[in-house]
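The chain contents come next:
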Amino acid sequence: MHLKRYRRATLKDALRAVREELGPDALVLSTREVTATGVRGLMGGREIELTAAAERPMVPDTRHSDPEPVIAARRSRSDRAIDQITARLEAAGLPTDLAREIAKSHPVTRRRGADTDSIKETLARELSAIVAGDEPYAPIEVFVGPPGVGKTTTIAKIAAQERARRGQRLALLGADGFRVGAIEQLRLYADILGAQFSAARTPDEFARALDQTAHPLLVDTAGRSPSDDVAKEMFRALGTRTNVRTHLVIPATTSARSAERLFERFADARPTRVVLTRLDEADTIGPLVNVLLARQVPLSFFGTGQNVPVDLHRVTAPVLADWLMGEMVQGAVA
Ligand SMILES: Nc1nc2c(ncn2[C@@H]2O[C@H](COP(=O)(O)OP(=O)(O)OP(=O)(O)O)[C@@H](O)[C@H]2O)c(=O)[nH]1
Ligand SMILES: [Mg+2]
């Protein structure tokens, strides 16, 4: 659809110009009387402004060069502005379709020459569904995920930050009783922090520990799939409780496909949050954002390095937007 605006002395003149340029099928969208341009306008002269639309491209008019910007041109300027924002978001690693959707939701009046801050505001707004924010702890917070992704480290960072910030001591439960040293690592952190610690090696011990340990309780699990019999029973014990929030811990370097597989593998654990670790090693988290949006699972924490406790951040909308636009958060903001 091609739009063009005409200004002529009379309606008849304007209609003739439309027919000559856009053909007999052109559609007149609006007409109005306006102050004439130039000297005639200064003398109080009036003229007709007519807007018309046609299916076919406009024929260049060499007889009457219209000084008014045409609406079609204005449209394409807006498209170009969307293209530019899309390109910025793609450069940040967001998949093209998602980048374009977000660019389109950028306020129309701020599209041209959009600065990074305004793009971050739009990102923060559009991605709020996958941000857990500064929510209070559930009585039982469980961390599951494949081996070596940073479950124990994440728990230690959370407990240490809470201790430092609010003097709150979160209790720790090690349900990873199958590997020598696995529980000891968590026990050591609990000792340092003066936190209550318990360990569970069997599903019975696990159920007892969930009831008897103080809350909020952070639960570390074995880095194995819940399809293992013992882990399965433990997850079943958790599934019967309403006071549990389960976080799936995934390295930020995971591909979208692998993340999908992890969600399937840990489906029994019913994760309702995702912790991304190793952001310090990832170029972008754009593809994972897409997976989380599709599943509507919010991000709870970002792990940004090996240092306990500073390399952990609660995921708020501005924090997520900062990371996506390549502006990393420094220091603890949990
Ligand atoms: N670079 C980087 N390393 C991390 C991060 N989080 C954890 N690590 C490191 O990853 C390694 C494994 O961390 P753990 O916390 O033991 O991982 P886990 O998931 O508990 O491992 P398993 O108990 O064996 O399943 C350690 O060397 C951590 O220091 C992170 O955000 N960035
Ligand atoms: Mg561990």
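Preceding block: the structure.
Predicted, not measured: the structure shown is a model, and the values here were computed from it. (Residues numbered from 1 in each chain as written. Chains lettered and ligands numbered in written order. Predicted model: local features only at pLDDT ≥ 70, side-chain atom pairs only at ≥ 80, totals over all residues. Heavy atoms only, no water.)

Q: Would you mind going over the site of ligand 1 with me for this structure?
A: Looking at ligand 1, there are 20 residues lining it, with Lys151, Thr152, Thr153, Arg278 and Asp280 nearest. For ligand 1, an oxygen atom lies 3.0 Å from a polar atom in the backbone of Gly148. The fraction of the free accessible surface of ligand 1 (650 Å²) that becomes covered by protein chains is 83%. Put simply, ligand 1 lies in the largest pocket. Its residues placed into classes, the shell around ligand 1 shows two nonpolar, eleven polar and seven charged. (Near = heavy atom within 4 Å. Polar contact = N/O pair within 3.5 Å; in protein donor to acceptor, adjacent residues only side chain to side chain. Areas by Shrake-Rupley, 256 points an atom, 1.4 Å probe, with all protein chains shown as cover. 1 Å grid on protein atoms, 1.4 Å probe; cavity = no way out; pocket = protein on both sides within 12 Å on 5 of 7 lines; lining within 4 Å. Sits in = over half its atoms within 2 Å of the grid points. Nonpolar A, V, L, I, M, F, W, Y, C, P; charged D, E, K, R; others polar.)

Q: Is there a simple way to think about empty space enclosed by the protein in this case?
A: Inspection of the entire model under this criterion finds two cavities of 30 Å³ or more. The computed volume of the second largest cavity comes to approximately 50 Å³. Secondary-structure elements contributing two or more residues to the lining of the second largest cavity are β8 (244-251) and β10 (299-303). Grouping the constituent residues of the lining of the second largest cavity by class yields three nonpolar, three polar and four charged. (Points joined across faces, edges and corners; volume = space filled by probe spheres on them. Helix = DSSP H or I, 4+ residues; strand = E, 2+ residues; numbered from the N terminus.)

Q: Just to check I follow, could you spell out helix α1 (residues 11-22) for this structure?
A: A turn of α-helix holds 3.6 residues, and therefore any two residues three or four places apart point the same way. Between the first and last C-alpha of α1 there are 16 Å, a value that for twelve residues agrees with the 16 Å anticipated at 1.5 Å per step. Along α1, the positions that sit buried rather than exposed are Ala14, Ala17, Val18, Glu21 and Leu22. The buried residues of α1 occupy an angular sector of 100 degrees when projected down its axis, which confines them to one face. In α1, the exposed positions that point more than 90 degrees away from the buried face belong to Lys12 and Arg19. Those residues of α1 hidden inside the fold are in contact with β1 (2-8) and β3 (46-54). (Expected span 1.5 Å × (residues − 1). Buried < 20%, exposed > 50% of the residue type's maximum accessible area, 1.4 Å probe, protein only. Arc of directions from axis to C-beta. Contact = heavy atoms within 4.5 Å.)

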